[in-house]
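Fold and geometry: a report
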Amino acid sequence: MRGKVGVIGAGAWGTALAQSLASDGSEVLLWARESELVAEINSKHGNSLFLPSARLAETIRATGDLGELAALPVLLLVVPAQFLASVISELPRGERDVVLCSKGIEAATGRLMFDVAADAAPDARLAVLSGPTFAHEVAAGLPTAVTLACSGGEAQWDRLSPLIARSGFRPYYSDDVIGAEIGGAVKNVLAIACGVVEGLGLGQNARAALIARGFAEMLRFGLARGARAETLSGLCGLGDLVLTCSSTSSRNFSLGLALGKGLSAAEALAGKNSVAEGAATAPVLAQIATHEGVDMPIVQSVCRLLKGEAPAGVVVEDLLARPLRAEQEADT
Ligand SMILES: NC(=O)C1=CN([C@@H]2O[C@H](COP(=O)(O)OP(=O)(O)OC[C@H]3O[C@@H](n4cnc5c(N)ncnc54)[C@H](O)[C@@H]3O)[C@@H](O)[C@H]2O)C=CC1
Ligand SMILES: O=C(CO)COP(=O)(O)O
C-alpha cells in the first residue's frame, strides 16, 4: 500500500486508473463531475455510466468537491481534452505532481494538454501518462504498459513511478512530454481513419497501409513540434496506434466505422455519453499541419469526412489518387 493519490475525472479511464491504483489496497480519492456517480461509486462500488463492467475497490472514495483533492501531493488528471482547462482552473493552486492522462488537442486554441495545464496551473509539476490502454482491460487487471513522460526528469519519475506502477500496470520512463502527448492525440484521428476503412470493407491490406502511412504522418508532425522519433515509435505512439486501429473497443475506431458505413458524424455521435477525442482533435490538427506545412493527408481526409464535405468512398478515392512518391520522402 502506498500514499493516497487523487484522480480527477470518473469517466472510463479515470475510473480504471483509480481501480489500478487501488489494486494493492491503496486509498484513492476520485473526483466525479456527476453527483449520482459520486453516490454510486461510494455506495455500490460501480460506475454504470462510464465503466459498467468493473466492480471497484472499496478503498476508492468518490467526491464531487475538487477542493478535497487539493492537499494530495499527486493528482492524475483524466478529463476529456476539451474540458481540461475549465476543470484545472477550478483546482486550488499548489505545488504538486499532476499527471496528464487525456489524449487530445484543445480545439479552440491548438494547445497540447501540457500547455493548457502549464498556463492554468503554473505551480504544478507536470507529467504525461499515455499508451495502449483500453480502460476495461486496465480495470480488470490485465497486463498493460505505458509511457510516463516526466517534465521533471528522473527525480519526478522516482517520486511517481512507485505510486503508479502495479504488478499488471507497468510505466516506462521518458522525459519527452511533447512526444507522449502527440502520440496519443494523433493516433485518435488515425483510429477514425482505420474505422472508415473497416466500414467500407476495404480489407486488412488497406488497414496495415493506413497504420504505416498514418505513423509517417504522426512522425512528421511530432518532429516538427519537437517530439523525439523514439518516443513516437514506443508505447504512446506506435503502440497505441496499433491498439486503437485494430479494435471496436476503441471509440474513435467505432466512430470511423460508422462514418464508413455512411452515417454522418452527428448521427454517429448522437446520444453517446463517452468521448471520441479524435473528432475534436482532427480539425485543429489539420489546421496546425496546414499552417506549419506538415503533410498529413490521412488526417486531412478524416477532417473532410467529419465535416461532411464528401462521402467516405470519395474521400478514400481522393487519397488513393494522390501522386506516387518515395516512401521516406519528407519523413526526414
Ligand atoms: N477510455 C479509455 O480507454 C482511455 C481514455 N483515455 C483518455 O482519457 C480521457 C477521458 O476519457 P474517458 O475517461 O474515456 O471518458 P468517458 O468517455 O468514459 O467519459 C466522458 C467523461 O467526460 C466528462 N465530462 C463530460 N462533460 C464534461 C464537462 N463539461 N466538464 C468536465 N468533464 C466532462 C464526464 O464526466 C466523463 O468523465 C480522454 O482524453 C481519452 O482519450 C486515455 C486512455 C484510455
Ligand atoms: O486511448 C485509448 C486506448 O489507448 C482509448 O481509445 P478510444 O478513446 O478510441 O476508445
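Keep in mind that this is a model prediction, so the values were computed, not measured. (Residues numbered from 1 in each chain as written. Chains lettered and ligands numbered in written order. Predicted model: local features only at pLDDT ≥ 70, side-chain atom pairs only at ≥ 80, totals over all residues. Heavy atoms only, no water.)

**As for the domain arrangement of the chain**
- Looking at the chain, the domain boundaries give domain 1 (5–175) and domain 2 (178–320).
- Using C-alpha coordinates to define each centre, domain 1 is positioned 24 Å away from domain 2.
- Taken together, the contacts link 28 residues of domain 1 with 27 residues of domain 2.
- Summed over both partners, the interface of domain 1 with domain 2 buries about 2200 Å², with 64% contributed by carbon and sulfur atoms.
- Among the residues of domain 1 in contact with domain 2, K103, I105 and F134 are the three that bury the most area, contributing 29% of the side total.
- Across the contact surface, domain 1 and domain 2 share two salt bridges.
- Among the ionic pairs, R228 bridges to D175, the shortest N-O distance being 2.9 Å.
- There are nine residue pairs in polar contact (both at pLDDT 80 or more) connecting domain 1 and domain 2.
- For the side of domain 1 that touches domain 2, the secondary structure elements donating two or more residues are α4 (113–120), β6 (125–130), β7 (144–150) and β8 (169–174). (Domains from an automatic or database assignment. Contact = heavy atoms within 4.5 Å. Buried area = accessible area lost by both parts, 1.4 Å probe. Salt bridge = Lys/Arg side-chain N within 4 Å of Asp/Glu carboxyl O. Polar contact = N/O pair within 3.5 Å; in protein donor to acceptor, adjacent residues only side chain to side chain. Helix = DSSP H or I, 4+ residues; strand = E, 2+ residues; numbered from the N terminus.)

**Things to note about the packing of helix α8 (residues 204–224) against helix α14 (residues 297–306)**
- Viewed as axis vectors pointing N to C, α8 and α14 meet at an angle of 100°, and their least axial separation amounts to 8 Å. For the element pair α8 / α14, the angle class is roughly perpendicular. Facing α8, whose interface residues are L210, R213, G214, E217 and R220, α14 presents P297, I298 and V299.
- A breakdown of the residues in the contact of α8 with α14 according to their chemical character gives four nonpolar, one polar and three charged. (Axes fitted to C-alpha atoms, helices over the stretch in contact; angles between N-to-C directions. Parallel < 35°, antiparallel > 145°, perpendicular 65-115°, else oblique. Nonpolar A, V, L, I, M, F, W, Y, C, P; charged D, E, K, R; others polar.)

**So, helix α6 (residues 153–164)**
- Over its twelve residues, α6 extends 16 Å from the first C-alpha to the last, a length consistent with the 16 Å expected when each residue adds 1.5 Å.
- Buried within α6 are the following residues: G153, Q156, W157, L160, S161, L163 and I164. Relative to the axis of α6, the buried residues are bounded by an arc of 160° and lie together on one face. Those residues of α6 that are exposed and angled more than 90 degrees off the buried face are E154, A155 and D158. (Expected span 1.5 Å × (residues − 1). Buried < 20%, exposed > 50% of the residue type's maximum accessible area, 1.4 Å probe, protein only. Arc of directions from axis to C-beta.)

**Observations regarding the sheet that holds β6**
- Overall, mixed pairing links the eight strands, which are arranged β3-β2-β1-β4-β5-β6-β7-β8 in an open sheet. At either end of the open sheet lies a strand with only one pairing partner, and these are β3 (60–63) and β8. Across the sheet, the mean angle from the axis of one strand to that of its neighbour is 25°, orientation sign disregarded.
- Sheet topology places strand β1 (residues 5–8) next to strand β2 (residues 28–31); four bridges connect them, and they run parallel. Each residue of the ladder has a partner; that of G6, found in β2, is L29.
- Along the sheet, α6 contacts β1, β4 (74–77), β5 (97–100), β6, β7 and β8; its crossing angle with β7, the most-contacted strand, is approximately 145°.
- Across the sheet, helix α7 (residues 177–199) is in contact with β6 and β7; its angle to β6 comes to roughly 40°. (Pairing = 2+ DSSP bridges.)

**Section: the UniProt feature "domain: Glycerol-3-phosphate dehydrogenase NAD-dependent N-terminal" (unreviewed entry) in the chain**
- Under the feature "domain: Glycerol-3-phosphate dehydrogenase NAD-dependent N-terminal" (unreviewed entry), the UniProt entry names residues 4–151.
- Across residues 4–151, helical content stands at 28% and strand content at 22%; the span's end C-alpha atoms are separated by 22 Å. (UniProt positions renumbered as here; feature names shortened; annotations may be inferred.)

**Quick notes on the UniProt feature "binding site: sn-glycerol 3-phosphate" (unreviewed entry) in the chain**
- Here, the residues flagged by UniProt with the feature "binding site: sn-glycerol 3-phosphate" (unreviewed entry) are K103, G131, T133, K187, D240, S250, R251 and N252. For the largest cavity, the lining residues drawn from the annotated set are K103.
- Considering the arrangement of structural elements, one finds T133 in the loop between β6 and α5 (135–139).
- Leave out the neighbours within four places in its chain, and T133 touches W13, K103, V138, T144, V146, D240 and L243.
- Tracing the chain through its elements places S250 in the loop between α10 (235–244) and α11 (251–260). (1 Å grid on protein atoms, 1.4 Å probe; cavity = no way out; pocket = protein on both sides within 12 Å on 5 of 7 lines; lining within 4 Å.)

**So, empty space enclosed by the protein**
- By the definition in use, this model includes one cavity of 30 Å³ or more.
- The calculated volume of the largest cavity comes to roughly 30 Å³.
- Taken together, S102, K103, V128, L129, S130, A180, E181 and G184 form the lining of the largest cavity.
- When its residues are assigned to classes, the lining of the largest cavity shows three nonpolar, three polar and two charged. (Points joined across faces, edges and corners; volume = space filled by probe spheres on them.)

**Some remarks on the state of the cysteines**
- A full pass over the atoms with the stated rule returns zero disulfides.
- Left without a disulfide partner, C303 is nearest to the cysteine sulfur of C194, which lies 17 Å away. (Disulfide = S-S within 2.5 Å.)

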